[in-house]
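# Residue-level structural notes
Residue-level listing of the chains:
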Amino acid sequence: MNLSKLISILGVLSFTIFSCTPTEDLSIVINKSGSLLIKAEGVTNGKLKVNYTYGDNIIYDSLDASGQLKTELLLEGAYYVSVESEHNNMKYFDAKNTQVIATTEKEVVLSPLDNYGSIEVAVTSDYYDDENFQYVYDDSLANVNIGIISTEKYSEVYDGSDLTIISNLQNATVTDMYGVARFENIPSSVTMFGERNYNAEYYIFVMNNAGTEILNYPNSISVPYQNTYNTRIRIYKDDLTDF
């Protein structure tokens, strides 16, 4: 059999096979989406954000009464999840990078209340002792009014009067007999994994005895994760008393 006859026979067979096969629509579905079940431990309120690791927010919502949120279907890929929850007049924060996997509901656990630290402030005064005719340096000042305010909160009142700022302090106390004040378990400026909490930097204010005037020039400070930031503030002792 020569080549031309073989080709003709194969052509007829192909036509017969395909002409006898029923025509059907072929539908192929590829699922490339999944969801996240986000849980915030220890809190029952808070704002939650989900965004692409290198992109804009795509979800901004509130946690439910059990401190959870289940997202809508998201395209498979890398995401950044964060939660902010107010507790004791302070905003605690946690965040993680995570991965959405197709056809899977992935659980993401955040622990904002675990991201805390402390501030310890020594209030002292340098002055001239007239009785002993000598300078006294770093004299500890007990029972001095002192308070803190987050940079976020301060941005709302910084151009107000001293009384306005003082009335908005989020945590206030007095120095102990050694001239030291402590602010414990406040939101840290970074999380365990180094994510920055930009609402947890603070200004410290020292006030006069009447609690009506601010005596120091404030500088913002960052609180370490589960550790203590130590600082010293010097004031003029005479400024504590109104004349």
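In case you missed it, the structure is sitting above this.
Residues numbered from 1 in each chain as written. Predicted model: local features only at pLDDT ≥ 70, side-chain atom pairs only at ≥ 80, totals over all residues. Heavy atoms only, no water.

### Brief notes about the nonpolar core
One finds Ile119 and Tyr202 to be the most contacted residues of the largest nonpolar core, which totals 21 residues. Counting only elements with at least two residues in this core, the list comes to strand 7 (90-100), strand 9 (116-129), strand 11 (145-150), strand 13 (180-187), strand 14 (201-206) and strand 16 (228-235). Other than its neighbours up to four places away in sequence, Ile119 contacts Ile148, Ala181, Arg182, Phe183, Ile186, Tyr202, Ile204, Ile221, Val223, Thr228 and Tyr229. (Core = buried A, V, L, I, M, F, W, Y, C linked by side-chain atoms within 4.5 Å. Buried < 20%, exposed > 50% of the residue type's maximum accessible area, 1.4 Å probe, protein only. Helix = DSSP H or I, 4+ residues; strand = E, 2+ residues; numbered from the N terminus. Contact = heavy atoms within 4.5 Å.)

### Some remarks on the pairing of strand 10 (residues 134-140)
By the bridge criterion, five bridges tie strand 9 to strand 10 in an arrangement that is antiparallel. Each bridged residue has a counterpart across the sheet, and for Ser125 the counterpart in strand 10 is Asp139. Counted along the chain from strand 9 to the antiparallel partner strand 10, the turn is four residues long, and its residue Phe133 has a positive phi close to 55 degrees. (Pairing = 2+ DSSP bridges.)

### Topic: the packing of aromatic side chains
Summed over all chains, the structure comprises five aromatic pairs. Arranged with centres 5.7 Å apart and planes meeting at 45 degrees, the rings of Tyr154 and Phe205 form a pair that is tilted. Of this pair, Tyr154 sits in helix 2 (residues 151-157) while Phe205 is found in strand 14, placing the two residues 51 residues apart along the sequence. What links up through ring pairs into an aromatic cluster is the set Tyr154, Tyr158, Tyr203 and Phe205. One residue, Lys237, lies across the ring of Tyr127, its end atom 5.1 Å from the ring centre. (Phe/Tyr/Trp six-rings, centres within 6.5 Å; stacked < 30°, edge-to-face > 60°. Lys NZ or Arg CZ within 6 Å of the ring centre and 35° of its normal.)

### Regarding a negative patch on the surface
Side chains of Asp162, Glu213, Asp238 and Asp239 sit close together on the surface and give a patch of like negative charge. Along the chain, the position of Asp239 falls in the segment after strand 16. (Patch = residues over 30% accessible without salt bridge, like charges linked within 9 Å, V, L, I, M, F, W, Y side chains within 5 Å. Areas by Shrake-Rupley, 256 points an atom, 1.4 Å probe, with all protein chains shown as cover. Salt bridge = Lys/Arg side-chain N within 4 Å of Asp/Glu carboxyl O. Lys, Arg positive; Asp, Glu negative; His and termini not counted. Charge placed at Lys NZ, Arg CZ, Asp CG, Glu CD.)

### Structural notes on the sheet that holds strand 14
The antiparallel open sheet is built from four strands, whose spatial order is 12-11-14-15. Strand pairing shows two members of the sheet lacking a second neighbour, strand 12 (171-174) and strand 15 (221-222), which therefore form its edges. Of the pairings in the sheet, the one linking strand 14 to strand 15 comprises two bridges and is antiparallel in character. Residue pairing for strand 15: Tyr202 is matched across the bridge by Ile221.

### A closer look at the pattern of salt bridges
In the structure shown here, the tally under the stated rule is ten salt bridges. A salt bridge links Lys70 to Glu105, with the shortest nitrogen-to-oxygen separation between them at 3.0 Å. In this pair, Lys70 sits in strand 4 (residues 68-70) while Glu105 sits in strand 8 (residues 105-110), placing the two residues 35 residues apart along the sequence. Its relative accessible area of 56% is what places Lys70 among the exposed residues. Relative accessible area serves as the criterion here: at 40%, Glu105 is assigned to the partly exposed category. Close ionic contact of Glu201 with Arg196 constitutes a salt bridge, the shortest N to O distance being 2.5 Å.

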